[in-house]
Amino acid sequence: MRLDVGPDRRRPRAAARRAGPNAGKLLSTDFYARQHLLHLPVDPQRRTAFIASNTSKYGGGTRRLGEILDVELGQRQKGYAFLAHPFSQGKGDGVGSLGPDLISYTRAQLDDAFASPYILGLQIWNENPVSSAEANDAEPFQSPHWESQEQPFLFADFQKWDLLQLRGLDKNRTASLSWLPSGTPRRIFAAGGSDAHGDFNYRRKGFFLGMNEATDTAIGKPRNLVHVGPAAGTPLASALGTAVPLSQSQVVDGLRSGNFAITDGPAVQIMVDANKNGTIDSGDVPMGGIHKHTLDGPFQVIVEWKSTPEFAPVQSINLLLGVWAEEVPEGMVYTVHDGGPHVDPDFNYRHPDGRTFTASVNIPYWFDPNPGNPFSIVPGPTEGYAGRRVVTIDPAKYPVGRRMCIQPNVGRTTTTATGSTTSTASLTASTTLASAKTGTTTGGTTTSTGGTAVPLQQSLDNQLQDLLNGVVDVFPPCTDRVFANPTRPDRVFVRAEVRNKIAPDSSALCSTIPSSALPPCVRRIAYTNPVWVKVEPCTNVLSCSANVAVTGTLTPSRTDGTTTSPTTGTTTGTTTGVGTTTSLGATKLATTPTR
């Protein structure tokens, strides 16, 4: 299906729909760009389940996402859908872009999809053109003479997906979804697709001027490994015997459950070991499922992987943990520590107990602060082609907190009140401050020499908008950075990423350094959908130590190793400030997003 995404809420004019873009002229200035949906009809025999794209001349869109969600999927019950390549957009140049081009989904559309029970998730990984070669109609491509290669880079798109997953953990956001059981996270699944359009063993490219290139994108590259159970379709019979195929409803239900992974090589699955026996059995909670963690202390997840010589052995498996707490809005995602030193003070935040929590340069990730780096799994010598690990995750060791910047009071005037606090400030530096911040604090004065505590954390909506717009934040000057209001999470999700060793079909002359003049080495990769955990309130005081209020004096440390005068204030379970609190809108720098 293709959808229009015009700037207003009106349907395209009837005359425009009949005549095509710009009254039939070659270049379009009045019509809508394209977006795609992956439609999953539950019943393949239902003739009325088809959803027409109704595209115009040159492929311009004529239907809005809201119409598809409300009418076709909601009222007419025609099935379910994924947003196809939701963050992709056309380059806007070349012969292939003379008509209405492809654009990425807007935040408003992502909000509409979030609110709909018929959108299962996002088809993040679209196509897999690792190898390519020049070709033309006179001399068709002759496999396997590939001339160049590329490694898929999907980090930025999965980053946006993780932000949407954090929104799905927020009870304030999910409370308005009447179709969602109370207290249940809004799960958004990730899927892959080859977008083959009739290409079976390689992709022919060329458009209007004939074939000029071929790539190895084909059906099943990438693919979804879906757990569907025993085949339950209508038996088929022939002279060679009988067979039972999978049914359409089995496949759709498998995708609806989220029990699947995306890959162009290795197979991987992750689940909560609910009975803590270290083995995979029917009592465990698989990908896409929700586990109710009723005991204090840690829970266990099992990660299992397989590969073949065609794709090379597995080199590493990394886990990511999304955490959310009612008392601390916006949430965080903990990821594998890269092992390198982080001497830049802009990324280091001091926990009240003295530990250092390090933020990644990428929103919303934080490096695992615990010793041993348990989120990093390295297969042993005999585990490259098959292995399993049990990983213990203690929610108390992965608190949700707020980034706080202690700023000097030079050139600043501050007004502070107790209770419902409104703070205004002015800076001589170039940092942009919002006009006001309202909230609740206890205690709360800052000495004239100690500095003012300013929250750096943006809302999830603003973080997502910045990523969609290719905007990065410029850090303000701080004498100290504090990981404030650390709180034990009450909702989490866990997912896994797999990376193989260099593939056998990779060019021998390749580089593992992205900036190298040599082509990148090709590695097969895989991503699981998450498994969700609802962490019930603690009953043991010792296991809930992360929830204990932190009260006392915070002494900001300057980057030169000296200290300033103390900043006084009290941080409790719902306090979001240390001392006087203002809100920060960081200066932004526009960049070109990586896709």
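Position numbers for residues count from 1 along each chain, tracking the sequence in the order it is written. Confidence filtering applies because this is a predicted model: local features only for residues at pLDDT of at least 70, side-chain atom pairs given and counted only at 80 or more, and all residues used for totals across whole chains, interfaces and linings. The basis for every side-chain value is the complete set of non-hydrogen atoms in the structure, without hydrogens or water.

## What about the overall build of the protein?
Which entries qualify depends on this criterion: Each helix is a run of DSSP H or I of at least 4 residues and each strand a run of E of at least 2, with the numbering of both proceeding from the N terminus. We call a residue buried when its accessible area falls under 20% of the maximum for its residue type, exposed when it is over 50%, and partly exposed in between, using a 1.4 Å probe and counting protein chains only. By definition, residues are in contact when any of their heavy atoms lie within 4.5 Å. We get accessible surface area from the Shrake-Rupley algorithm with a probe of 1.4 Å; when it comes to residues, only the shown protein chains can shield them.
Scanning the protein from N- to C-terminus turns up seven helices and 34 strands. Burial statistics for the protein: of 595 residues in total, 49% are counted as buried. Counting only contacts in the protein whose residues sit at least 6 apart along the sequence, the fraction spanning at least 24 positions is 76%. If you sum the accessible surface of the protein, you get close to 27,300 Å²; carbon and sulfur atoms cover 54% of it.

## Comments concerning the confidence of the model for the protein
Defined as follows: For every residue, the pLDDT score states the predictor's confidence, bounded by 0 at the bottom and 100 at the top.
Per-residue pLDDT for the protein averages 78, and the proportion of residues at 70 or more is 75%. Within the model, the stretch residues 411-449 combines pLDDT values under 50 with 91 contacts to residues more than four positions away or in other chains.

## Focus on the state of the cysteines
Operational definition: In this description, a disulfide is simply a cysteine sulfur pair whose atoms lie within 2.5 Å.
Counting across every chain of the model gives two disulfides. The side chain of Cys 405 participates in a disulfide bridge whose partner is Cys 478; the two sulfur atoms lie 1.8 Å from each other. Around the S-S axis, the bridge from Cys 405 to Cys 478 shows a dihedral of about -115 degrees and counts as left-handed. One end of the pair, Cys 405, is in strand 23 (residues 400-407); the other, Cys 478, is in the loop between strand 27 (471-473) and strand 28 (480-487), with 73 residues separating them in the sequence. You'll find Cys 405 and Cys 478 in the same group, each marked buried. Between the sulfur atoms of Cys 510 and its disulfide partner Cys 521 the distance amounts to 2.1 Å. Note on the Cys 510 and Cys 521 pair: the S-S dihedral is about 90 degrees, so by sign convention the disulfide is right-handed. You can see Cys 510 sitting in the loop between strand 29 (491-502) and strand 30 (523-528) and its partner Cys 521 sitting in the loop between strand 29 and strand 30, a full 11 residues away along the chain.

## Description of the nonpolar core
So the rule is basically this: Residues enter a nonpolar core if they are buried and are Ala, Val, Leu, Ile, Met, Phe, Trp, Tyr or Cys, with the set joined through side-chain atoms within 4.5 Å.
With 52 residues, the main nonpolar core has Phe 82, Leu 83, Leu 122 and Phe 158 as its most contacted residues. Here this core takes six residues from helix 4 (residues 155-169), the largest share from any one element. Grouped together as the second largest cluster of nonpolar side chains are 42 residues, Ile 270, Val 336, Val 492 and Val 498 included.

## Here's the deal with the pairing of strand 2 (residues 80-84)
Applicable threshold: A pair of strands is treated as paired once DSSP finds two or more bridges between them.
Within strand 2, five of the five residues are buried, leaving the element largely enclosed by the surrounding structure. Direction of pairing for strand 1 (residues 37-40) relative to strand 2: antiparallel, over a ladder of four bridges. Across the sheet, the residue bridging to His 39 is Ala 81, located in strand 2. Alignment of strand 2 against strand 3 (residues 119-126), held across four bridges, turns out to be parallel. Each residue of the ladder has a partner; that of Leu 83, found in strand 3, is Leu 122.

## A word on the sheet that holds strand 22 (residues 386-393)
Short version of the rule: Angular values range over 0 to 180 degrees, each being the angle between N-to-C directions of two axes fitted as lines to C-alpha atoms, with helices fitted over their stretch in contact.
In spatial order, the strands read 13-15-22; together these three strands make up an open sheet with antiparallel pairing. Taken across any chain shown, the strands that pair with only one partner, and hence form the sheet edges, are strand 13 (267-272) and strand 22. If you compare each strand with its neighbour and ignore which way they point, the axes differ by 15 degrees on average. Bridge count for strand 15 (residues 299-306) against strand 22 is eight bridges, and the pairing is antiparallel. Across the sheet, the residue bridging to Phe 299 is Ile 393, located in strand 22.

## Focus on helix 6 (residues 248-257)
When helix 6 is considered as a whole, its buried residues turn out to be Gln 250, Val 252, Gly 254 and Leu 255. Against strand 1, strand 2, strand 3, strand 6 (189-193), strand 9 (223-226) and strand 12 (260-263) lie the buried residues of helix 6. Of the residues trailing helix 6, Gly 258 is marked for its positive phi of about 80 degrees.

## Quick look at the packing of aromatic side chains
Rules: Centres within 6.5 Å make a pair out of two Phe, Tyr or Trp rings, where for Trp the six-membered ring is used; the pair is then stacked when the planes are under 30 degrees apart, edge-to-face when over 60, and tilted otherwise. The criterion is that NZ of a Lys, or CZ of an Arg, lies within 6 Å of the ring centre and within 35 degrees of the ring normal, and then a charge sits over that ring.
Enumeration over the complete set of coordinates arrives at 13 aromatic pairs. Centroid distance Tyr 80 to Tyr 118: 6.0 Å. Interplanar angle 40 degrees. Geometry classified as tilted. Taken as a pair, Tyr 80 in strand 2 and Tyr 118 in the loop between helix 3 (107-115) and strand 3 lie far apart in primary sequence, 38 residues in all. One exposure class covers both Tyr 80 and Tyr 118, and it is buried. Plain terms: the ring middles of Phe 158 and Tyr 527 are 4.1 Å apart, the flat faces sit at 15 degrees to each other, and that makes the pair stacked. Of this pair, Phe 158 sits in helix 4 while Tyr 527 sits in strand 30, placing them 369 residues apart in sequence. Phe 158 gets classed as buried once you look at its relative accessible area, which sits at 2%. Clustering of aromatic rings is evident, with ring pairs tying together Phe 82, Phe 189, Phe 260 and Trp 532. It is Lys 160 that lies over the ring of Phe 87; its NZ or CZ is 5.1 Å from the centre. The ring of Phe 114 carries Arg 167 above its face, with NZ or CZ at 5.7 Å from the centroid.

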